[in-house]
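Coordinate inspection notes
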Amino acid sequence: LFRFKTKFILRISGYPKLNFIRKNLWKIAFKKIHSVTCPTKLTIQKLNNENIIDTNKIFLLYDPIIELKTRKNRNLKKENFLLSIGRLTKQKNFIFLCKCISKLKKKGFSNLILYIAGEGGEEQKKINAFIDKNDLKKNIYLIGHKNNIYDYISRARAVIIPSLYEDPGFVLIEAAYLRTLVISSDCISGPREIIKKNVNGIQFESNNTNSFLYEYSKFDKLKLDEINLIIKENFFKIKDFTIFNHFKKLNKILL
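It should be emphasised that the depicted structure is a prediction, and the values quoted were computed from it without experimental measurement.

Time to look at the environment of T242. With respect to the helices and strands, the residue T242 is situated in the loop between α9 (224–237) and α10 (243–254). Each C-alpha atom of the pair T242 and Y62 lies 8.7 Å from the other, and the pair is 180 residues apart in sequence. Sequence-distant contacts of T242, defined by excluding residues within four places in its chain, comprise P64 and I66.

Set out below in structure tokens:
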């Protein structure tokens, strides 16, 4: 509406859902946008397919997730628990993970311990009810929000990400930086782009119980040097998510 000389840069965070009205409003607004940054390749592909902005204005810019304060937690001793993190919502798919833990317990993994760190969300009562009904109080613990989650990530045997979608998935990247093995669904868009199966993480088919049980059984048989190799590969994979790399790429876009 106004002839501002300011360059407007739009940062898209999360996979965009575009209905007819929203798509056309974006098409009009994007004419005044200098550039658009996206956190994943899939989001860029989505905008290109919708043909609502010049492809030359779209840039891949990973979120600056890794913070210096995580460094002090990087070398803590591993303990015998699994960890999953996030609000207790359908997106995070914790009820699926609880069902998988229940099945693993019946298959002989009786000493499994899973901590779910997070609070709020529409699934909390459902998760608690499932734990009570299936006698999992000694296996699954809802530990709520933690101010220093890095301490838990660093000590966990593995971080499990059962999400239905992520963009890109902060927990995955923080776990990689803290040298903790990641077991993730192959959901869009972050995990699917970041994790290369059995190279820098353990990956299972999203929302597929049999796939999870199969991949977890393989993980449980891995030797320490095999686990450390996967962790090392993931650590090098996430270097683009540092604040410094974010600054360098953003600076080029601004020029």
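Moving on, we come to the sheet that holds strand β6 (residues 140–142). With parallel pairing, six strands are arranged side by side in an open sheet as β6-β5-β4-β7-β9-β11. Of all strands in the sheet, those with a lone pairing partner are β6 and β11 (202–204), marking the two edges. Each strand of the sheet is rotated relative to its neighbour by a mean of 20 degrees, with strand direction disregarded. The pairing of strand β5 (residues 114–117) with β6 spans three bridges and is parallel. By the bridge assignment, L114 is partnered in β6 with I140.

What follows concerns α10. End to end, α10 covers 16 Å across 12 residues, agreeing with the expected 16 Å (1.5 Å per residue, within 8%). Of the positions making up α10, those classed as buried are N245, H246 and I253. Axial view of α10: buried residues confined to an arc of 100 degrees, hence all on one face. In α10, the exposed residues that point more than 90 degrees away from the buried face are F244 and K252. The inward-facing, buried residues of α10 contact β1 (8–11), β2 (33–38) and β3 (58–60).

To continue, consider the pattern of salt bridges. Summed over all chains, the structure comprises 10 salt bridges. A salt bridge links K46 to E50; the shortest N-O distance between them is 3.3 Å. Separated by four residues within a single helix, K46 and E50 lie in helix α2 (residues 41–50), roughly one turn from each other. A relative accessible area of 17% places E50 in the buried class. Across the salt bridge formed by K197 and E215, the nearest N and O atoms sit 3.0 Å from each other. Of the two residues, K197 sits in the loop between α7 (190–194) and β11 while E215 sits in helix α8 (residues 209–220), which places them 18 residues apart along the sequence. Taken together, the salt bridges that share partners define one network made up of K23, K46 and E50.

Right, let's get into the environment of I33. Position of I33 relative to the elements: it lies in strand β2. Residue contacts for I33: discarding those within four places in its chain leaves F8, L10 and K57.

Glancing now at a nonpolar patch on the surface. A contiguous nonpolar patch, built from F20, I21 and L25 and spanning about 380 Å² of accessible area, is present on the exposed surface. Structurally, F20 can be placed in helix α1 (residues 20–29). Taking the relative accessible area as the measure of exposure, F20 reaches 67% and is therefore exposed.

Moving on to the nonpolar core. Ranked by size, the top nonpolar core spans 31 residues in total, and within it I140, L181, I183, F212, Y216 and F219 carry the most contacts. With eight residues, the top contributor of residues to this core is helix α3 (residues 94–106).

Read across the sheet, three strands follow the order β1-β2-β3 without closing on themselves; strand pairing throughout is parallel. Unpaired on one side and paired on the other, β1 and β3 mark the two borders of the sheet. Ignoring strand direction, the axes of neighbouring strands in this sheet form an average angle of 25 degrees. Taken together, the four bridges between β1 and β2 define a ladder with parallel strand orientation. Across the sheet, L10 pairs through a bridge with V36, a residue of β2.

Criteria and thresholds
- Residues numbered from 1 in each chain as written.
- Predicted model: local features only at pLDDT ≥ 70, side-chain atom pairs only at ≥ 80, totals over all residues.
- Heavy atoms only, no water.
- Helix = DSSP H or I, 4+ residues; strand = E, 2+ residues; numbered from the N terminus.
- Contact = heavy atoms within 4.5 Å.
- Pairing = 2+ DSSP bridges.
- Axes fitted to C-alpha atoms, helices over the stretch in contact; angles between N-to-C directions.
- Expected span 1.5 Å × (residues − 1).
- Buried < 20%, exposed > 50% of the residue type's maximum accessible area, 1.4 Å probe, protein only.
- Arc of directions from axis to C-beta.
- Salt bridge = Lys/Arg side-chain N within 4 Å of Asp/Glu carboxyl O.
- Patch = residues over 30% accessible without salt bridge, like charges linked within 9 Å, V, L, I, M, F, W, Y side chains within 5 Å.
- Areas by Shrake-Rupley, 256 points an atom, 1.4 Å probe, with all protein chains shown as cover.
- Core = buried A, V, L, I, M, F, W, Y, C linked by side-chain atoms within 4.5 Å.

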